[in-house]
Amino acid sequence: IEIYDFWSFCIWDTVFWKVRENEETKTVAKKMIDKIVEYSVIIPLNRKKAFRTGLSAGIDLDFCTALSILAPQMENIFFTLAENYGHVPYSINEEGIESRMTMEQLLSLDGVCECLDEDVLFNLKVLFTSPYGYNIRNEIAHGMYDDEFFQTLQAFWIWCMILKFCFLFYGPPSRLEENSKKI
């Protein structure tokens, strides 16, 4: 654990200072974010602006804005994936009240979990739904994180994992259809 903390600190420190000290680096990074969002086939067309805004906020080291935008958008991705795989991701109880599946339920559906590598799926669960992980979906939705959390290595890591997830689906749809490997 000490080695992990040491390397995590080194990465955080390097990225923080490189981005902070150089506006040109920020500009280049934001252009890269624009391309990742534009060509990430997992991001719905009507959500591209939200992802671009959230990921760009991370480049500015504003993880409060970044994660507050990105966490619900990530949940929507899995809701959309469930629908695309033919699932009905909501139910109506006997009182006629409609409710959506939880993100945890969405990540367990056939098709949704089958299109993801086990490691990616594990990380998504740890980040968003597991009570033994960050459970960011609930923590952000219920305002449980204070300002201090958004300045931590954990907030940076969560943002990095969301960026990585978007990048995993980078490219034309034909690339994903031709490649039968899990992402």
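Please refer to the structure higher up on the page.
Quantities reported herein were computed from a predicted structural model and do not represent experimental measurements.

Draft legend 1. Inspection of the overall build of the protein at higher detail. Assigned secondary structure in the protein consists of nine helices and two strands. Here the protein holds 183 residues, and 39% of them are scored as buried. Here the analysis covers contacts within the protein between residues at least 6 apart in sequence; of these, 60% occur between residues at least 24 apart.

Draft legend 2. Here's a closer look at the packing of helix 3 (residues 48-59) against helix 8 (residues 153-168). The N-to-C vectors of helix 3 and helix 8 enclose an angle of 135°; their axes lie 10 Å apart at closest approach. Relative to helix 8, helix 3 is oriented oblique. In this structure, helix 3 crosses over helix 8, and the sense of that crossing is left-handed. Counted together, Phe-51, Gly-54, Leu-55, Gly-58 and Ile-59 of helix 3 and Trp-159, Ile-162, Leu-163 and Cys-166 of helix 8 form the full contact between these two elements.

Draft legend 3. Focus on the pattern of salt bridges. All told, the structure shown has four salt bridges when counted by the stated rule. The salt bridge partner of Arg-52 is Asp-34, with a shortest N-O separation of 3.2 Å. Of this pair, Arg-52 sits in helix 3 while Asp-34 sits in helix 2 (residues 23-39); the two residues are 18 residues apart in sequence, bridging distant segments of the chain. We classify Arg-52 as partly exposed; its relative accessible area is 27%.

Draft legend 4. Molecular detail of the nonpolar core. Within the largest apolar cluster, 50 residues are counted, with the highest numbers of intra-cluster contacts made by Leu-67, Met-74, Phe-78, Trp-159 and Phe-165. Of all the elements in the fold, those that place two or more residues in this core are helix 2, helix 3, helix 4 (63-84), helix 5 (103-106), helix 6 (118-128), helix 7 (136-141) and helix 8. A per-element tally of this core places helix 4 first, with eleven residues.

Draft legend 5. The arrangement of a nonpolar patch on the surface in detail. Together, Tyr-39, Phe-167 and Tyr-170 line one region of the surface with nonpolar side chains, adding up to about 290 Å² of accessible area. Its place among the elements puts Tyr-170 in the loop between helix 8 and helix 9 (173-178). Note on Tyr-170: relative accessible area 30%, which makes it partly exposed.

Reading the values: the criteria
Residues numbered from 1 in each chain as written. Predicted model: local features only at pLDDT ≥ 70, side-chain atom pairs only at ≥ 80, totals over all residues. Heavy atoms only, no water. Helix = DSSP H or I, 4+ residues; strand = E, 2+ residues; numbered from the N terminus. Buried < 20%, exposed > 50% of the residue type's maximum accessible area, 1.4 Å probe, protein only. Contact = heavy atoms within 4.5 Å. Axes fitted to C-alpha atoms, helices over the stretch in contact; angles between N-to-C directions. Parallel < 35°, antiparallel > 145°, perpendicular 65-115°, else oblique. Left-handed = near helix turned anticlockwise from the far one by under 90°. Salt bridge = Lys/Arg side-chain N within 4 Å of Asp/Glu carboxyl O. Core = buried A, V, L, I, M, F, W, Y, C linked by side-chain atoms within 4.5 Å. Patch = residues over 30% accessible without salt bridge, like charges linked within 9 Å, V, L, I, M, F, W, Y side chains within 5 Å. Areas by Shrake-Rupley, 256 points an atom, 1.4 Å probe, with all protein chains shown as cover.

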